[in-house]
Amino acid sequence: MADLVNLDAAVAIPGEDFSRVALTPAAVELLQKLWGIHGPLMFHQSGGCCDGSSPMCYPAGEFITAEADVLMGVFELPECGSIDFWMSREQFAYWQHTHLTVDVVAGRGSGFSVEAPEGKRFLIRSALIDAAN
């Protein structure tokens, strides 16, 4: 059996040449299922007080991004399409030195994120960029 590897997002921040965010194989599998239910998807990482380590997954365009947000990367989800990963600019100021990996764990996250009814939730695992590369 082939080793499972994380899926890196395409670089989206001007002037950078490395991926800042990745998906675990479990996250890819859940996203493919959710895409079949909801259509195109997007992530937003707000860093708010309640679910700060949980990226929120929405149908694409349902969460409106603006100057207060940074596009961290774009995933090409196999058999589906592109998924943008956004972060609030304020949170990016704190996490700019980290590489983020979106993983899946059992449990219920926010009711606003599309994976909530699946009994699973997305979770961010982070590492310093030097350690991640």
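First things first, this report covers the structure right here in the doc. (Residues numbered from 1 in each chain as written. Predicted model: local features only at pLDDT ≥ 70, side-chain atom pairs only at ≥ 80, totals over all residues. Heavy atoms only, no water.)

Let's talk about the overall build of the protein
Next, step 1: Looking only at helices and strands, one finds 3 helices and 9 strands in the protein.
Next, step 2: The proportion of buried residues among the 133 residues of the protein is 44%.
Next, step 3: Contacts spanning at least 24 positions in sequence make up 56% of the contacts within the protein whose residues lie at least 6 apart.
Next, step 4: For the protein, the exposed area adds up to about 7100 Å²; of that, 54% sits on carbon and sulfur atoms. (Helix = DSSP H or I, 4+ residues; strand = E, 2+ residues; numbered from the N terminus. Buried < 20%, exposed > 50% of the residue type's maximum accessible area, 1.4 Å probe, protein only. Contact = heavy atoms within 4.5 Å. Areas by Shrake-Rupley, 256 points an atom, 1.4 Å probe, with all protein chains shown as cover.)

Focus: the packing of aromatic side chains
Next, step 1: Here the structure, examined in full by the defined rule, presents 3 aromatic pairs.
Next, step 2: On the numbers, 5.6 Å between centres and 45° between planes, the contact of Phe43 with Phe85 is tilted. Of this pair, Phe43 sits in strand E4 (residues 41–45) while Phe85 sits in strand E7 (residues 81–88), placing them 42 residues apart in sequence. Judged on exposure class, the residue Phe43 and its partner Phe85 are both buried.
Next, step 3: On the basis of an interplanar angle of 20° and a centroid distance of 5.3 Å, the ring pair of Tyr58 and Phe63 is categorised as stacked.
Next, step 4: Given the relative accessible area of 10%, Tyr58 is considered buried. (Phe/Tyr/Trp six-rings, centres within 6.5 Å; stacked < 30°, edge-to-face > 60°.)

Notes on the nonpolar core
Within soluble globular proteins, side chains that are nonpolar generally end up buried alongside one another.
Next, step 1: The biggest cluster of nonpolar side chains holds 28 residues, and the ones touching the most others in it are Leu23, Leu31, Phe43, Phe85, Val102 and Phe122.
Next, step 2: Of all the elements in the fold, those that place two or more residues in this core are strand E3 (21–23), helix H1 (25–38), E4, strand E6 (69–77), E7, helix H2 (89–95), strand E8 (98–106) and strand E9 (120–128).
Next, step 3: Ranked by the residues each element gives to this core, the list is headed by H1, at 6 residues.
Next, step 4: When residues no more than four places from it in sequence are discounted, the contact partners of Leu23 are Asn6, Leu7, Val28, Leu31, Phe43, Phe75, Leu77 and Val102. (Core = buried A, V, L, I, M, F, W, Y, C linked by side-chain atoms within 4.5 Å.)

So, the environment of Ala27
Next, step 1: By secondary structure assignment, the location of Ala27 is in helix H1.
Next, step 2: Not counting chain neighbours up to four residues away, the residues in contact with Ala27 comprise Val102, Asp103, Val104 and Phe122.

Quick notes on unusual backbone geometry
Next, step 1: Despite not being glycine, Glu79 shows a phi value in the positive range, around 65°.
Next, step 2: Mapped onto the secondary structure, Glu79 falls in the loop between E6 and E7.

Concerning the pattern of salt bridges
Next, step 1: Across all of its chains, the model carries 3 salt bridges by this definition.
Next, step 2: With a shortest N-O distance of 2.8 Å, Glu16 and Arg20 are connected by a salt bridge.
Next, step 3: Take Glu16: its relative accessible area is 22%, and that puts it in the partly exposed class.
Next, step 4: On the basis of relative accessibility, which here comes to 6%, the residue Arg20 falls in the buried class.
Next, step 5: Asp103 is the partner of Arg125 in a salt bridge, and the nearest nitrogen-oxygen pair spans 2.8 Å. Here the residue Arg125 occupies a position in strand E9, and Asp103 occupies one in strand E8, the gap between them amounting to 22 residues.
Next, step 6: When its relative accessible area of 41% is taken as the criterion, Arg125 is described as partly exposed.
Next, step 7: Residue class for Asp103 comes out buried when judged on its relative accessible area of 14%. (Salt bridge = Lys/Arg side-chain N within 4 Å of Asp/Glu carboxyl O.)

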